[in-house]
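The primary structure of each chain is shown beneath.
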Amino acid sequence: MLVKSVDRDAEKMLMRTVNECGRLPAQEGLILFCAFSKLQDFVSSKTLNETLKSVLSDREAECYVCSDHDTFIYWKSSVKDEELVVIKTIQDDYAQAFSSVPASQIFQVFDTRSQLEELRSLLLEKIEFLTTNTAPQDLRPDIPVLSPIQNVLLKKSQERRASRSKIEILIVEDQDFSRKLLMGLMQKDHVCYGAKNAAEAVQYFVEEAPDIIFLDIELPDHDGHSLARLFRQYDPRAFIVMVTGNNYQKDVDRAKENGVNGFIAKPYSKQSIYNAVQSFVQSHLVTAS
Amino acid sequence: MFQEFFSSATELLSQLSHAVQTNNSDGWRTAAHALKGTSYNLGAKLLGDYCKTAQEQNNASRDEKQEILENINSEYGRVRAYIKAGEY
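Summarised in this report is the structure supplied together with it.

Basis of the calculations
- Residues numbered from 1 in each chain as written.
- Chains lettered and ligands numbered in written order.
- Predicted model: local features only at pLDDT ≥ 70, side-chain atom pairs only at ≥ 80, totals over all residues.
- Helix = DSSP H or I, 4+ residues; strand = E, 2+ residues; numbered from the N terminus.
- Contact = placed C-beta atoms within 7 Å.
- Expected span 1.5 Å × (residues − 1).
- Buried ≥ 20, exposed ≤ 12 C-beta atoms within 10 Å, placed from the backbone.
- Axes fitted to C-alpha atoms, helices over the stretch in contact; angles between N-to-C directions.
- Parallel < 35°, antiparallel > 145°, perpendicular 65-115°, else oblique.
- Left-handed = near helix turned anticlockwise from the far one by under 90°.
- Nonpolar A, V, L, I, M, F, W, Y, C, P; charged D, E, K, R; others polar.
- Pairing = 2+ DSSP bridges.
- Right-handed = clockwise from strand over helix to strand, strands pointing away.
- Core = buried A, V, L, I, M, F, W, Y, C linked by C-beta atoms within 7 Å.
- Domains from an automatic or database assignment.

### Overview of the overall build of chain A
In terms of regular secondary structure, chain A is built from twelve helices and ten strands. For chain A, contacts bridging at least 24 residues in sequence account for 66% of all contacts bridging at least 6.

As structure tokens, this is what we get:
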């Protein structure tokens, strides 16, 4: 088994490999790239190699962990749906490193015989994205942005929502007390995720595809209005409810402009939160029928 | 949950006090906003209202802010005593 791992300059090395794939004759077999977003810090390409060895024992494989932790795995295959087995094994071995969504829904697979250009475009976008986002702080965009691979994964949001039995709720609130209070209200009946800043919120948004997002306006890294606009832009069916202590007309107006589904000012009652969930259920029923 | 509130409030009161001493308007507004939200969530409306005043009086003088902070500290003391005594 030959597994090559690349951590340093992974994006450029990956692009080189993709270009080489384009020069291979078609009879070389199916060449697959699996891309997934935001592997946690403690899983390096070297540790992934151990798992790859166990499932691809007789083949050549390469593993690239990019500087933003997006990870790409490459191997040649002639086995139908083999990528699902590989991904499932990786996810089982590194359960803590991934969100709980089914493996088939959080990975994007590229068959280089038919999707080489798509993969190449994604990598070009990715390299440009990383260049922008590693610029000095004052040159970075005001609003958070999604990486190209996060954008690809988001396209599966509706599919993921449709397959679940419980409502999943993301609560974005920087104050521990307020976040835990809201989660305490919801956790009995729903699956809840808590984010204490915009960066965490974006990650949950992509990886968990929450049905409802309760969003505070003042966050330490970005403001909630920008985040609402981003969520709405990438996922028109996201159900967003602003929950804020800023009960000012300008905030209500901005929330309306961003097309959010609700606005709850503190102090809020339990009932107002339950009503927001009920409102989601109603709109969901209307959409489904 | 109450312990979480005490812990958060103590930290934010300290930030408010530091913001007055160092004439840090942004720090003052941010801490006031945060304490306002947690107070309202707990149901401590008067404390939340004092914090709202603090947030809106972001450009007040140092003496004015000191006075607002005294009101906040005083009301926080009452809320804390009320909770500790189990009178809810």
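Let us keep going from here.
### Topic: helix H2 (residues 25-42) of chain B
Side chains of residues three or four places apart in an α-helix project in the same direction, reflecting 3.6 residues per turn. All names here are of chain B. Along its 18 residues, H2 runs 26 Å from first to last C-alpha, staying within 8% of the 26 Å computed at 1.5 Å per residue. With 14 of 18 residues buried, H2 lies mostly within the body of the structure. Once H2 finishes, Gly-43 follows within two positions and takes phi at roughly 100°, a positive value.

### Regarding the packing of H2(B) against helix H3 (residues 45-56) of chain B
For any two helices packed against each other, the geometry is given by the interaxial angle and the distance between the axes. All names here are of chain B. Running from N to C, H2 and H3 point in directions that differ by 160°, and their axes come no closer than 8 Å. When the axes of H2 and H3 are compared, the pair comes out roughly antiparallel. Like other packed secondary-structure pairs, H2 and H3 cross with a definite hand, here left-handed. Across the interface between the two elements, Arg-29, Ala-32, His-33, Leu-35, Lys-36, Ser-39 and Tyr-40 of H2 pack against Lys-45, Leu-47, Gly-48, Cys-51, Lys-52, Ala-54 and Gln-55 of H3. Each residue belonging to the contact of H2 with H3 can be placed in one class, and the counts come to six nonpolar, four polar and four charged.

### Topic: the interface of chain B and chain A
Of the residues lining the interface, 14 residues belong to chain B; the matching set on chain A comes to ten residues. Elements represented by at least two residues in the side of chain B that touches chain A include exactly helix H1 (2-22), H2 and H3 of chain B. Sort the elements by how many residues they give to the side of chain B that touches chain A and H2(B) lands first, with seven residues. Classifying every residue of the side of chain B that touches chain A by side-chain character gives four nonpolar, seven polar and three charged.

### Let's talk about the pairing of strand S7 (residues 191-195) of chain A
All names here are of chain A. Both strand S6 (residues 168-172) and S7 contribute to a ladder of five bridges, which runs parallel. Opposite Ile-171, over in S7, you have Gly-194 as the bridge partner. One crossover worth recording links S6 to the parallel S7 by way of helix H8 (residues 176-186), and it is right-handed.

### Overview of the environment of Gly43(B)
For Gly43(B), the position within the fold is in the loop between H2 and H3. Gly43(B) gets classed as exposed once you count the C-beta atoms within 10 Å, which come to 12.

### Considering the nonpolar core
Among the nonpolar cores identified, the biggest contains 59 residues, and Leu170(A), Val172(A), Ile213(A), Phe214(A), Leu215(A), Ile240(A) and Val241(A) are the most heavily contacted of them. When residues of this core are assigned to domains, at least three fall in each of domain 1 (2-126) and domain 2 (159-288) of chain A. Aside from chain neighbours lying at most four places away, what touches Ile213(A) is Leu170(A), Val172(A), Phe231(A), Ala238(A), Phe239(A), Ile240(A) and Val241(A). If you look at the next biggest cluster of nonpolar residues, it comprises 21 residues, including Phe5(B), Ala31(B), Ala32(B) and Ile72(B).

### A word on the sheet that holds strand S10 (residues 262-265) of chain A
All names here are of chain A. Judged by pairing direction, the sheet is parallel, and its five strands sit side by side in the order S7-S6-S8-S9-S10 without closing on themselves. Two strands in the sheet have a free side with no partner beyond their single neighbour: S7 and S10. Between one strand axis and the next, the sheet turns through 20° on average, direction left out of account.

### Some points on unusual backbone geometry
Cis peptide bonds are those with omega within 30 degrees of zero, and the linkage from Lys266(A) to Pro267(A) qualifies with 0°. Within the chain, Ala209(A) stands out as a residue other than glycine whose phi angle is a positive 45°. With respect to the element layout, Ala209(A) can be found in the loop between helix H9 (198-208) and strand S8 (212-215). One non-glycine residue, Asn23(B), adopts positive backbone phi at about 55°. Within the fold, Asn23(B) resides in the loop between H1 and H2.

Function cannot be read off these values alone, since they describe shape.
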